[in-house]
Structure formats: structure tokens, C-alpha cells
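Inside the fold
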Amino acid sequence: MNAYFALLLGVICAGVGGELFVRGTVGLASLARISPGIIGATVAAFATSSPELSVSISSALAGEPQIALGDALGSNVVNIALILGLALVISGIHSPRDSIKRDLPVALLIPIMTGLLFLDGELSSSNGMLMLCLFIAWLAAVVIEARR
């Protein structure tokens, strides 16, 4: 099989899969009577972050946790600068004030906190536990809001 054909086929399959995924998450939001923003911040975020999780766990088990750090940081840059930027070029995004008040501080705090924790040159297991606790607190806030 020609490499260009395989690449084209992969792009087409990713596009179709992405469309089906978006339709499924929107359907799930309407079925559960939950804001699409909350579904996007939870279900869609978990689903689209599973490859990063797999890379991080594999690299940590292989003794190369630097790959996990590079993957997480690179993914954030691409998600915010490229993906969100392209989406905004196509169409503006309207979001409820409550979700902005809840999510924006966390989205800004976590990268800053990671940088501060990394000032000593090492991210330790206790740093990871702190990050996981913050994630669980944020996720609990999202679930509580979804139940209202």
C-alpha cells in the first residue's frame, strides 16, 4: 500500500471518527440533560486524553518519565494554541459564566503550579499526589455542578 494513500486513509478515518465522537458526546449531553460544556470537560476530555495517559504510564514504567512530561506539556500547547485557535477561527465559542469561573482558574493554575514545582529540577511522587488531589477536587466540582 502506498504510504500517501495510507496517510490519506488515516486522515479520513480520523475525521469520520471525530465527527461520530462529537455527535455522540452532544447526544450524551442532551440525553443526560447536562451542559455540553460539562460533557466536553469530562467525558470528551478523558476520552481524548487516553493516548497521553497511555504514553505517560508506558514511559514511566520504562524508566523514561521525561517523555510523559514532554507529552503532557506538548499536548497542552497543541490543544490550546492549535486546536482551540482553529476552532475559534471557524466559529466563536460561548460559554456560561459559571464554567468560566470554575475552569479558567484551574486551567491557568495547573501549568503555573507545575512550573513552580519543577523549579527544584524534579517533579516527585508527592508533587504528583498534589496534582491528582487538585484534579479530583476539580472533577468533584464539575460533577456537583452537573447534578444541579
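Summary of the structure given here. (Residues numbered from 1 in each chain as written. Predicted model: local features only at pLDDT ≥ 70, side-chain atom pairs only at ≥ 80, totals over all residues. Heavy atoms only, no water.)

We now examine the overall build of the protein. Check the secondary structure of the protein and you find five helices and zero strands. Going from the N terminus to the C terminus, the protein shows its helices and strands as α-α-α-α-α. Evaluated residue by residue, the protein yields a buried proportion of 13% over its 148 residues. Expressed as a percentage of contacts within the protein between residues at least 6 apart in sequence, the contacts between residues at least 24 apart total 46%. Surface summary for the protein: the accessible area is close to 10,900 Å², and the carbon and sulfur share equals 73%. Charged side chains of the protein number 7 positive and 9 negative; the gap between the two group centres comes to 20 Å. (Helix = DSSP H or I, 4+ residues; strand = E, 2+ residues; numbered from the N terminus. Buried < 20%, exposed > 50% of the residue type's maximum accessible area, 1.4 Å probe, protein only. Contact = heavy atoms within 4.5 Å. Areas by Shrake-Rupley, 256 points an atom, 1.4 Å probe, with all protein chains shown as cover. Lys, Arg positive; Asp, Glu negative; His and termini not counted. Charge placed at Lys NZ, Arg CZ, Asp CG, Glu CD.)

Side chains of I100, L104, L108, I112, L116 and L119 sit close together on the surface and give an oily, nonpolar patch of about 620 Å² of accessible area. With respect to the element layout, L104 can be found in helix α4 (residues 97-117). On the basis of relative accessibility, which here comes to 44%, the residue L104 falls in the partly exposed class. (Patch = residues over 30% accessible without salt bridge, like charges linked within 9 Å, V, L, I, M, F, W, Y side chains within 5 Å. Salt bridge = Lys/Arg side-chain N within 4 Å of Asp/Glu carboxyl O.)

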